[in-house]
Every structure is written in structure tokens, then in C-alpha cells.
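Per-entry structural report
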Amino acid sequence: MLAVMKLQRGPGASLCTTERPEPGRREVLVRVAAAAICGTDSHIHEWNAWAQGAGLKVPGVIGHECSGEIVALGAGVTDLAVGDHVSVETHIPCGRCYQCRTGDQHICADLRIFGLHTDGCFAEYAAVPAAVARRIPGEIPLETAAAFEPAGVALHGVERGGVAGADVAVVGCGPIGLFAVLFARIFGAARIFALDVAPGRLALAENVGATILIRPGEVDPVKAISDATHARGVDVILEVSGAGEALRSSFGYLRKGGRVVLLGLPGAEVSLDVTRDIVFKEATILGIHGRHMWRTWAMLEGLVASGRADFGPVLTHRLPLSEFERGFALSRGGDAGKVLLLPGGG
Ligand SMILES: [Zn+2]
Ligand SMILES: [Zn+2]
């Protein structure tokens, strides 16, 4: 089969012909319909400091966000069937730790990540642990289901942030930021301020429901949001950019008593004025890692199947596996939403 692989610990990735995997015990073999390029995949491709320390399986097939059809079952799989459509939850829980036993397996103490610690899905076929192969209703398009993993991060953050009736700022309008705008609108946010340095991404944010577009560098976000909220600030900040400076300065437009939901991953420590920005503001800070298993997934399925959530404006590019390098370039640029690779040719 064709697969995009990391062959050595260093920059780059290669399109290879490799053995089609056999599903192991409690695994299913999935014919990949669509796989989405994530920022994490770009880090692995570039081989930055994070990737070097992430415990990546090398050599191995990269990619973790995907959907497809089950074509074979490994031993011990009883609750899935050949022909089922599935989307992959990338957090592989241990099933034994405190969190796993108390309803929070997405933050398992011994978490393994599909496509990082295992072979992934930028390939025609992928062996997936049955425990993270989520059966998807047939009426949901597989291209949409391929983006459930990143969309679920955004939905989890929007749900935890409590955005109903609130003025919300979404900082960073890459794919997860775009999904955050989309779900903030569905969950009843009053106004959605979208912030990004790339005009192309701001245009996409407007397509999914952002009401006020702010381009830091061109305008001062603190002044713009202060002017728009009678100096009060926003109720909720969804920090998706992972840029330390963007996070630090965002407290300048958070209202007193507001909430900051952290979804982005700063590459280094971020210093904050805790007294001024958190204590005196009575600010609430929440971290979001992945999606709740399986409440977030059930919500995604309901919102998509009912037509409430349309991923169309976010899924901007579809490419064959052979054009993965172009896909990486597009997803690093400022004009793309989610870039999908279609191993079957689409
Ligand atoms: Zn991802
Ligand atoms: Zn666990």
C-alpha cells in the first residue's frame, strides 16, 4: 500500500510502498477514506524540538486524524463489524488508571497517541485499536468524519467555556479556531471576535460566523475589543494560536470574572502577571486536551447529522496522498482551513 512515512529521525517524510498492516488483537483494519493534516503533523514533518522529544515511532506511518471503512477485524473485536464507517479518536487510553476509571479517559495517565506512538493513517490502510475506532452514522460524509478529532477539541473547549450569550474571542483561526468559531455560534455566543494575523484565515472565520475580525499587527486587539465592549472586555477567550505573546496580551481584553480556555500549545513557558490578570480579575483558566470520550463525539454526530454544523467552509482542500508535500505547505500557509488527503483518490 501507499503510505507517507517518517523513515529516520530528522526533517521530512517520504511517500513509500509498504506492507498493508494486519489487524492485531483488539484492532480493526480501516481502509482510509480521508485523513486530515494537523499542526502536529507539520511539527513531525519539520522535526522541531517538540517532535524530537515526542516519542514518535520511527520508521512509521504518520498522520492521526482520519475516517474510513472497516475491512477486517483482529481477534477479540466484538462490537464493530466489517463495513462499519469509523472515525479515529487519537487518544488511546490505558483503561486502568484513575482517570480511565472515573469517566475521563481522554486525559489518561498513560496516554498513547495514534499516529505518534503507533503507525498512523496517511496511508491506504491503517490498523486501529478497536477502543478508539468510533462508529459513525452512515449519513455523515466520511470527509466530515475525518475532521471529528480536531473539531472535537474545539467543541470541547466551547462547551467548557460556557459561551451562551457571551462575547467570545477566538485567538488563532487555523482549523481548530475555525471550528471554535463555528461551535461558538451554534452554542449561542453573542458576538464572536476572530483574531489572526493572516487575512485569508480571517475570511474563513467570517464564513463560519465570526462577527468582528481583528488582525493583530494592523490594529491593537486590546483597543479594538475595548472600544467594541464599552471597555468591559470579552467574557470568554478561546486561545487556539499557541503563541505565548498572544496568550499573554489576551488578558488585556478579558473582562473581570471572565474565562480563558487554552487549546493551543505554546512551545515554551509563558510568563503572566498573575496578580493583575488572574487574581484581581477573578479569571478562570481552563486547559483542554482532546475531546471527552465519548460525550463530545456524540455531540459532534448529532450536530452534523442534523445539519446544525456544516464543516464545508472549514474543509478547504482535498489532495491525493502523492501530493502530501503540497498539503503540508498549504496547511502552513495563511489561506487554508483543513487540508484533507484522500488515499483512495477521492
Ligand atoms: Zn491533530
Ligand atoms: Zn488510563
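Provided above is the structure to which this section pertains.
Just so you know, these numbers come straight off a predicted model, no measurement behind them. (Residues numbered from 1 in each chain as written. Chains lettered and ligands numbered in written order. Predicted model: local features only at pLDDT ≥ 70, side-chain atom pairs only at ≥ 80, totals over all residues. Heavy atoms only, no water.)

1. Quick look at unusual backbone geometry
With an omega of -5°, the peptide bond between Val-58 and Pro-59 qualifies as cis. Here Pro-59 lies in the loop between helix H2 (49-52) and strand E4 (60-61). A cis amide bond links Met-293 to the next residue, Trp-294, at an omega of 15°. Look at Ala-231: it is not a glycine, yet its phi comes out positive at around 70°. Ala-231 gets classed as exposed once you look at its relative accessible area, which sits at 61%. A positive phi angle is found at Glu-282, which is not glycine, with a value near 50°. Here Glu-282 lies in the loop between helix H10 (274-279) and strand E16 (284-287). (Helix = DSSP H or I, 4+ residues; strand = E, 2+ residues; numbered from the N terminus. Buried < 20%, exposed > 50% of the residue type's maximum accessible area, 1.4 Å probe, protein only.)

2. So, the packing of aromatic side chains
Summed over the entire model, instances satisfying the criterion amount to eight aromatic pairs. A centroid spacing of 6.5 Å and a plane angle of 70° characterise the contact between Phe-122 and Phe-328, whose relative ring orientation is edge-to-face. Placement of Phe-122 in the loop between strand E8 (112-113) and strand E9 (125-129) and of Phe-328 in helix H12 (residues 324-332) is noted, with a sequence separation of 206 residues between them. For Phe-328, a relative accessible area of 0% puts it in the buried group. Relative to Phe-311, the ring of Phe-148 has its centre 5.9 Å away and its plane inclined at 70°; by these criteria the two rings are edge-to-face. One end of the pair, Phe-148, is in helix H5 (residues 148-161); the other, Phe-311, is in the loop between helix H11 (295-305) and strand E17 (315-320), with 163 residues separating them in the sequence. (Phe/Tyr/Trp six-rings, centres within 6.5 Å; stacked < 30°, edge-to-face > 60°.)

3. Observations concerning the coordination of the zinc ion (ligand 2)
The zinc ion (ligand 2) binds to the protein through Cys-94 (SG), Cys-97 (SG), Cys-100 (SG) and Cys-108 (SG); the donor distances cover 2.3 to 2.4 Å. Around the zinc ion (ligand 2) sit four donor atoms, and with donor-metal-donor angles ranging over 100 to 117° the site reads as tetrahedral. (Donors = N, O, S within 2.8 Å, 3.2 Å for Na, K, Ca; no water. Tetrahedral: all angles 85-135°; square planar, octahedral: opposite > 155°, others 65-115°.)

4. Observations concerning the pairing of strand E12 (residues 191-195)
Buried residues dominate E12, accounting for four of its five residues. Inspection of the sheet shows strand E11 (residues 167-171) paired to E12 by five bridges, in the parallel sense. By the bridge assignment, Val-170 is partnered in E12 with Ala-194. The parallel pair E11 and E12, bridged by helix H6 (residues 175-186), forms a crossover whose chirality is right-handed. (Pairing = 2+ DSSP bridges. Right-handed = clockwise from strand over helix to strand, strands pointing away.)

5. Focus: the sheet that holds E11
Pairing in this open sheet of six strands is parallel, and the strands run E13-E12-E11-E14-E15-E16 from one edge to the other. Two strands close off the open sheet at either side, each with one partner strand: strand E13 (212-214) and E16. Averaged over all pairs of adjacent strands, the angle between their axes in this sheet comes to 20°, without regard to strand direction. (Axes fitted to C-alpha atoms, helices over the stretch in contact; angles between N-to-C directions.)

6. Here's the deal with the nonpolar core
If you look at the biggest cluster of nonpolar residues, it comprises 51 residues, and the most contacted ones within it are Phe-179, Phe-183, Leu-238 and Phe-311. Here this core takes eight residues from H6, the largest share from any one element. Per-domain counts for this core show at least three residues from each of domain 1 (2-147 + 314-342) and domain 2 (153-287). Once residues within four sequence positions are removed from consideration, Phe-311 is found in contact with Thr-144, Ala-147, Phe-148, Ala-151, Phe-179, Leu-182, Phe-183, Leu-300 and Val-304. Within the second largest apolar cluster, 43 residues are counted, among which are Ile-70, Cys-100, Phe-114 and Leu-321. (Core = buried A, V, L, I, M, F, W, Y, C linked by side-chain atoms within 4.5 Å. Domains from an automatic or database assignment. Contact = heavy atoms within 4.5 Å.)

7. Re the pattern of salt bridges
Pairing of side chains with opposite charge becomes possible as their charged atoms draw close. In total, this model carries 21 salt bridges according to the counting rule given. Ionic pairing is found between Arg-232 and Asp-167, a salt bridge with its closest N-O pair at 3.4 Å. Highlighted residues: Arg-232 in the loop between helix H8 (221-228) and strand E14 (234-239) and Asp-167 in strand E11, separated in sequence by 65 residues. Among the ionic contacts, a cluster of salt bridges with common partners joins Asp-167, Arg-191, Arg-232, Asp-235 and Arg-255. (Salt bridge = Lys/Arg side-chain N within 4 Å of Asp/Glu carboxyl O.)

8. A few points about a nonpolar patch on the surface
Residues Leu-272, Val-274, Val-279 and Phe-280 make up a contiguous nonpolar surface patch of about 370 Å² in total accessible area. For Leu-272, the location among the structural elements is in the loop between strand E15 (254-262) and H10. On the accessibility criterion, Leu-272 (32% relative accessible area) is partly exposed. (Patch = residues over 30% accessible without salt bridge, like charges linked within 9 Å, V, L, I, M, F, W, Y side chains within 5 Å. Areas by Shrake-Rupley, 256 points an atom, 1.4 Å probe, with all protein chains shown as cover.)

9. Let's talk about the sheet that holds strand E2 (residues 14-17)
Judged by pairing direction, the sheet is antiparallel, and its three strands sit side by side in the order E2-E1-E4 without closing on themselves. Only two strands of the sheet have a single partner each, and these edge strands are E2 and E4. Relative to E4, strand E1 (residues 2-6) runs antiparallel, the two being bridged by two bridges. Bridge pairing in E4 places Lys-6 opposite Gly-60.

10. Describing the coordination of the zinc ion (ligand 1)
Donor atoms from the polypeptide that coordinate the zinc ion (ligand 1) comprise Cys-38 (SG), His-64 (NE2) and Glu-65 (OE), at 2.1 to 2.4 Å from the metal. Read from N- to C-terminus, the donor residues coordinating the zinc ion (ligand 1) fall into the pattern C-x25-H-E. With Cys-38 in the loop between strand E3 (27-36) and helix H1 (39-46) and His-64 in the loop between E4 and strand E5 (65-73), the pair connects residues that are 26 residues apart, well separated along the chain. Considered together, Cys-38 and His-64 belong to a single accessibility category, that of buried residues.

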